[in-house]
Amino acid sequence: MDILATSGDINIILIALAFFIVIVSMFAMKPERATRVTHWTMLLSAMGGIMIYTMAYASSATSTVDLTSGILRAVTSAFFMFVGREGYSSVISSWPYFAENAWIRLVFWLIHLMAFYVSLTTVFNAVGKSAIRNLRVFQYRFTGNDYLILFGKSDKMRLDSPAAGKALKNGIHVVLVGQDSSGLTIADSLGAIYRNVSEMDNEGKWLKKLGIGKRSNISIICGEATDNDIENFLEKFVKGGNALGLISGQIQATLICRDEYIFFNRNLELGDLSSGGGQLHMELKTPASMSAERMQNLIPLWDIYDFRSEKKCTVLIIGFSTLGQKTLQTMIRNGGFLKDQIEFIVVDRNLKSYSAFNRQYASMMENYNIQCYSYSTDSEEFLDLLDSCAGTLRYAAVCENSSFNGEDKVMLLHRYALANEDNMPDSFVIMRCNREIVGCNVLEKPTPEDHYKLVRQETCPVIDIAELISGNGSLSARKVNDAYYAEEAKRMYPTDPAGCENYLKEMWYGTNLIDRSSCTATAQFMPAYLKLAGVGSYSELYNYLEDEENAEAFGRIEHDRWMAFESSIGVKAMEEEDFKERINVMEDHFNTLIPKLKLLDKEKKALNSDVDTLFAEYKTAQRHSRKQIPFFGLGGVHVCMTDWNNLDHLWDIYKTADYHFREANYYREHIKWQMNDEEGSEPVKPTLEGARGFKQMDINNIKDMSRYYAGQETGKKADE
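Residues numbered from 1 in each chain as written. Predicted model: local features only at pLDDT ≥ 70, side-chain atom pairs only at ≥ 80, totals over all residues. Heavy atoms only, no water.

Asker: With reference to specific residues and values, describe helix H18 (residues 380-389).
Answerer: Three or more residues of H18 are buried, namely Phe 382, Leu 385, Leu 386 and Cys 389. Each buried residue of H18 sits inside an arc of 100° when the element is viewed along its axis, so together they form one side. The exposed residues of H18 that point more than 90 degrees off its buried face are Glu 380 and Ser 388. (Buried < 20%, exposed > 50% of the residue type's maximum accessible area, 1.4 Å probe, protein only. Helix = DSSP H or I, 4+ residues; strand = E, 2+ residues; numbered from the N terminus. Arc of directions from axis to C-beta.)

Asker: Kindly report on the side chain of Thr 327, identifying the contributing residues and their values.
Answerer: Assignment of secondary structure puts Thr 327 in helix H15 (residues 322-335). Exposure remark for Thr 327: the relative accessible area of 1% places this residue in the buried category. With sequence-adjacent residues up to four places away left out, Thr 327 is seen in contact with Ala 292, Met 295, Ile 317, Ala 397, Cys 399 and Cys 433. (Contact = heavy atoms within 4.5 Å.)

Asker: Please give an account of the packing of helix H14 (residues 287-298) against H15 that cites residues and values.
Answerer: Each pair of packed helices gets described by two things: the angle between the helix axes and the distance between those axes. Interaxial distance between H14 and H15 falls to 8 Å at its minimum, and their mutual angle equals 40°. Judged by the inter-axis angle, H14 sits oblique to H15. As H14 runs across H15, the sense of the crossing is right-handed. Two secondary-structure elements touch here, H14 through Ala 288, Ser 289, Ser 291, Ala 292, Glu 293, Met 295 and Gln 296 and H15 through Thr 322, Leu 323, Lys 326, Thr 327, Thr 330, Met 331 and Asn 334. Among the residues forming the contact of H14 with H15, the class breakdown is five nonpolar, seven polar and two charged. (Axes fitted to C-alpha atoms, helices over the stretch in contact; angles between N-to-C directions. Parallel < 35°, antiparallel > 145°, perpendicular 65-115°, else oblique. Left-handed = near helix turned anticlockwise from the far one by under 90°. Nonpolar A, V, L, I, M, F, W, Y, C, P; charged D, E, K, R; others polar.)

Asker: Before we move on, can you summarise the pattern of salt bridges with the specific residues and values?
Answerer: One pass over the structure, following the stated rule, counts 17 salt bridges. Glu 407 serves as the salt-bridge partner of Arg 432, at 2.9 Å between the closest nitrogen and oxygen. Residue Arg 432 is found in strand S11 (residues 427-433), and its partner Glu 407 is found in helix H19 (residues 403-419); the two are separated by 25 residues along the sequence. For Glu 501, the salt bridge is made with Arg 478, and the minimal N-O distance between the two is 3.1 Å. Of the two residues, Glu 501 is situated in helix H22 (residues 497-509) and Arg 478 in helix H21 (residues 472-492); the sequence distance between them amounts to 23 residues. Residue Glu 501 is classed as partly exposed on the basis of its relative accessible area of 40%. Under the relative-accessibility criterion, Arg 478 is labelled buried at 14%. Each of Arg 478, Asp 482 and Glu 501 takes part in a single network of salt bridges with overlapping partners. (Salt bridge = Lys/Arg side-chain N within 4 Å of Asp/Glu carboxyl O.)

Asker: Provide a residue-level description of the packing of H15 against helix H23 (residues 513-533), including the pertinent values.
Answerer: Closest axis-to-axis distance for the H15/H23 pair is 9 Å, and the angle between their directions is 50°. Our classification of the angle between H15 and H23 gives oblique. As for how H15 packs across H23, the hand of that crossing is right-handed. For the pair H15 and H23, the contacting residues are Thr 330, Arg 333 and Asn 334 in the first and Ala 521, Gln 524 and Phe 525 in the second. When its residues are assigned to classes, the contact of H15 with H23 shows two nonpolar, three polar and one charged.

Asker: Let's hear about the environment of Ile 220: which residues, and what values?
Answerer: Examined against the element boundaries, Ile 220 turns out to sit in strand S4 (residues 217-222). Placed 14 residues apart in sequence, Ile 220 and Leu 234 show a C-alpha to C-alpha distance of 9.2 Å.

Asker: Before we move on, could you go through the packing of aromatic side chains and cite the residues and values that matter?
Answerer: Per the stated rule, a full pass over the model turns up 17 aromatic pairs. Measuring from ring centre to ring centre gives 5.0 Å for Phe 337 and Phe 525, while their planes differ by 80°; the resulting arrangement is edge-to-face. Of this pair, Phe 337 sits in the loop between H15 and strand S8 (342-347) while Phe 525 is found in helix H23, placing the two residues 188 residues apart along the sequence. Residue class for Phe 525 comes out buried when judged on its relative accessible area of 0%. Ring geometry for Phe 357 against Tyr 361: centres 4.7 Å apart, planes inclined by 40°, an arrangement best described as tilted. When sorted by exposure, Phe 357 lands in the same class as Tyr 361, which is buried. Three or more aromatic residues joined by ring pairs make a cluster, and in this case those are Phe 337, Phe 525, Tyr 529, Tyr 544 and Phe 554. Directly above the aromatic system of Tyr 709 lies the positively charged group of Lys 479, at a separation of 4.3 Å from the ring centroid. It is Arg 516 that lies over the ring of Trp 508; its NZ or CZ is 4.9 Å from the centre. (Phe/Tyr/Trp six-rings, centres within 6.5 Å; stacked < 30°, edge-to-face > 60°. Lys NZ or Arg CZ within 6 Å of the ring centre and 35° of its normal.)

Asker: Could you give me a rundown of the sheet that holds strand S7 (residues 313-318), with the residues and numbers involved?
Answerer: Pairing between the strands of a sheet comes from backbone hydrogen bonds, and it takes one of two forms, parallel or antiparallel. Spatially, S9-S8-S7-S10-S11-S12-S13 is the arrangement adopted by the seven strands of the open sheet, whose pairing is mixed. In the strand order of this sheet, the two ends are held by strand S9 (370-373) and strand S13 (453-461), each with one partner. Neighbour-to-neighbour, the strand axes of this sheet turn through a mean angle of 15°, independent of strand direction. Its contacts with the sheet put H14 on strand S10 (393-399), S11, strand S12 (437-444) and S13, and the angle it makes with S12 is roughly 30°. (Pairing = 2+ DSSP bridges.)

Asker: Explain the side chain of Ser 291 to me, and be specific about the residues and the numbers.
Answerer: Take Ser 291: it is sitting in helix H14. At 2.8 Å, the side chain of Ser 291 and the backbone oxygen of Asn 434 are in polar contact. In this structure Ser 291 touches Leu 323, Cys 433, Asn 434, Val 438 and Val 462, once residues within four positions along its chain are discounted. (Polar contact = N/O pair within 3.5 Å; in protein donor to acceptor, adjacent residues only side chain to side chain.)

Asker: I'd like to hear about the nonpolar core, residue by residue, with values.
Answerer: Counting 119 residues, the largest nonpolar core has Leu 328, Tyr 395 and Met 431 as its most contacted members. Top contributing element to this core by residue count: H23, with 11 residues. Dropping the residues within four chain positions of it, Met 431 is found in contact with Met 295, Leu 298, Ile 299, Tyr 395, Ala 396, Ala 397, Val 398, Val 410, Val 438, Gly 439 and Cys 440. (Core = buried A, V, L, I, M, F, W, Y, C linked by side-chain atoms within 4.5 Å.)

Asker: Could you give an account of a nonpolar patch on the surface, naming the residues involved and the relevant values?
Answerer: A grouping of Trp 40, Leu 43 and Met 47 is seen on the molecular surface, where their side chains present a nonpolar patch of about 350 Å² in accessible area. Counting through the fold element by element, Trp 40 comes out in helix H2 (residues 31-58). The exposed category is assigned to Trp 40, whose relative accessible area is 56%. (Patch = residues over 30% accessible without salt bridge, like charges linked within 9 Å, V, L, I, M, F, W, Y side chains within 5 Å. Areas by Shrake-Rupley, 256 points an atom, 1.4 Å probe, with all protein chains shown as cover.)

Asker: Lay out unusual backbone geometry in plain terms, naming residues and giving numbers.
Answerer: Of note in this structure, Lys 604 is not a glycine but carries a positive phi near 55°. Mapped onto the elements of the fold, Lys 604 is located in the loop between helix H26 (576-602) and helix H27 (609-622).

Asker: Which residues make up a negative patch on the surface, and what are the values?
Answerer: Among the surface-exposed residues, Glu 380, Glu 381, Asp 384 and Asp 387 lie close enough to one another that they form a single negatively charged patch. With a relative accessible area of 42%, Asp 384 lands in the partly exposed category. (Lys, Arg positive; Asp, Glu negative; His and termini not counted. Charge placed at Lys NZ, Arg CZ, Asp CG, Glu CD.)

Asker: Break down the confidence of the model for the protein chain for me, with residues and values.
Answerer: Averaged over the protein chain, the pLDDT score is 78; the fraction of residues at 70 or greater is 76%. In the predicted structure, residues 627-634 sits below a pLDDT of 50 and forms 28 contacts with residues beyond four places in sequence or in another chain. This model gives residues 716-720 a pLDDT under 50, and the stretch forms 13 contacts once residues within four places in sequence are excluded. (pLDDT = per-residue confidence, 0-100.)

Asker: Break down H15 for me, citing the residues and quoting the values.
Answerer: Its 14 residues give H15 an end-to-end C-alpha distance of 20 Å, which sits within 8% of 20 Å, the value for a rise of 1.5 Å per residue. Of all 14 residues in H15, 13 are buried; the element is thus mostly enclosed. (Expected span 1.5 Å × (residues − 1).)

Asker: I'd love a proper account of the pairing of S12, names of residues and values included.
Answerer: With six of eight residues buried, S12 is to be regarded as a mostly interior element. In the sheet, S11 pairs with S12 via seven bridges, with the strands oriented antiparallel. Within S12, the residue paired with Cys 433 across the bridge is Val 438. By the bridge criterion, eight bridges tie S12 to S13 in an arrangement that is antiparallel. Across the sheet, the residue bridging to Glu 444 is Lys 453, located in S13.

What follows is the structure, given as structure tokens:
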């Protein structure tokens, strides 16, 4: 009896201890790790129980029948461990050595503890999930302000599971929003909260229940789903946010979709939803565009070329699906300014099926040295092609949706370079990208006579959840946008830093997809200017550009870089006759608008609706040099898509219209200044001589950028 009483007490203690361990593990361990621990614990406890009970019952067996019976009894006893029963008394009476050895008894109780842990974990998962979910909601309401909202079909949520687990580890609250109950299992495995989209309301009750409020930072990632589903989800989220009073830019939404056309086809423009009240800021991304950008961030094309050399540089792209196409466009943006020295070779066995791309981006395909070959990489023709360009081949990108095929082609290029290293450049970069990872192999020869050495090998994920949550991926692009408006913000708020910051924020949130992509391309290229100037900081770059010759040389490069970007989104050069015709339309507006503005200014009257309407029409006509449709690759023309030396001629045609543009703005500002009795100096009336030329715009762009970047480095403007 004493033995039974002792074993019963120990059993109760073990169950209580197992209960405590289960509670701790469910909240302290990541869900996927806790699941692995449970699986291994179940395996070890089952094997250990069978072994220790078999040894006990077999020790007293006197025949084969007794031995067989003891083994079956051991299996049964091991099973009963998981329902809270232990066979301590039977074991100690059957196996004398058990009573004599304390270590064996310790192992016996540890095995039972593990069995109790498995049983209680199973019970909690089966019965207590609802209570745990409620505890998570309660926890979210009182801890932290950072939220990650994942929306999409349940099968797509699994792709985000590791990333969501990383977010949870970093203290970010994760909420999965789906359209079916299968997402509930995924949320539980992550330790996140699941909400069906049908639970969302327009009053913000479901947001408030999660603890989302005016101090919350909210990141939304929409996986691949239909445009209708995403639009409905965002509208519900925005209306709920309006009811809670969320402010401009508080919600950062990243839409990861198949291509850029989906949302434009639904007239869902990037920026504020029409019903949104302004607190939603959206980014539109595709797996292909993110992969191409990640590759150029890892090793930019401009970084492998010696700017002071006039040697030819060959870039090879293997695979021309959507991923290969995005890679070519991104490379043009990074290296198109070297169009006389650089050539792009595209190889794809199904190249003929991509004729639509050639038509949409005809300007890019015609203006840059792009050669396309319909070869298989295991063909003799492909090897002959490599032989023909081996001496200038410095950069290769393998763009395959299948990671196995991509790795296979990387090894082919690697082996080719080693076998032909005497004919290859002193460095050779092999990039590999698919929709999930980007990697690089860098081969270098210390001298032309040496053998290639693998000096760098690196891989990184295409989707960095921390970057998407923090917005760091768009910070560099926003920095460029801030540089464009920094001086304007300073003029508007000379003594109000907070006002400047809010103005810059509004300018960024108001950008469209094309302008934001342009800012991204500029940000990727800014370090190239440091290399071009041979300096180590933007403060030094700003001083370098104080020299007029340097400034004009960099203005020319900036112009070529800008044209490369415009070509990569399908923009073509405008005919001069069309340019003159648009200027005539502008002048017609000026001839009506400016006299009315002068009269209102003279009589100190507020702007009336007729003038506002006319000015709005004029603002549309003022976009004289661009007819841009908001679709990538579907058209657009720009008069400045021309050689640097032709810009002065075009400016002579346009400068009078530019003067009238600035004159109209002057009268509007002067009327507001008089009517509102605004503080500050009176607006300065423009002169014809004060107009900026097209060349000067490019020069000023790079100088403004260097000044702003220098200010970011030192905490103040370079010229202060």
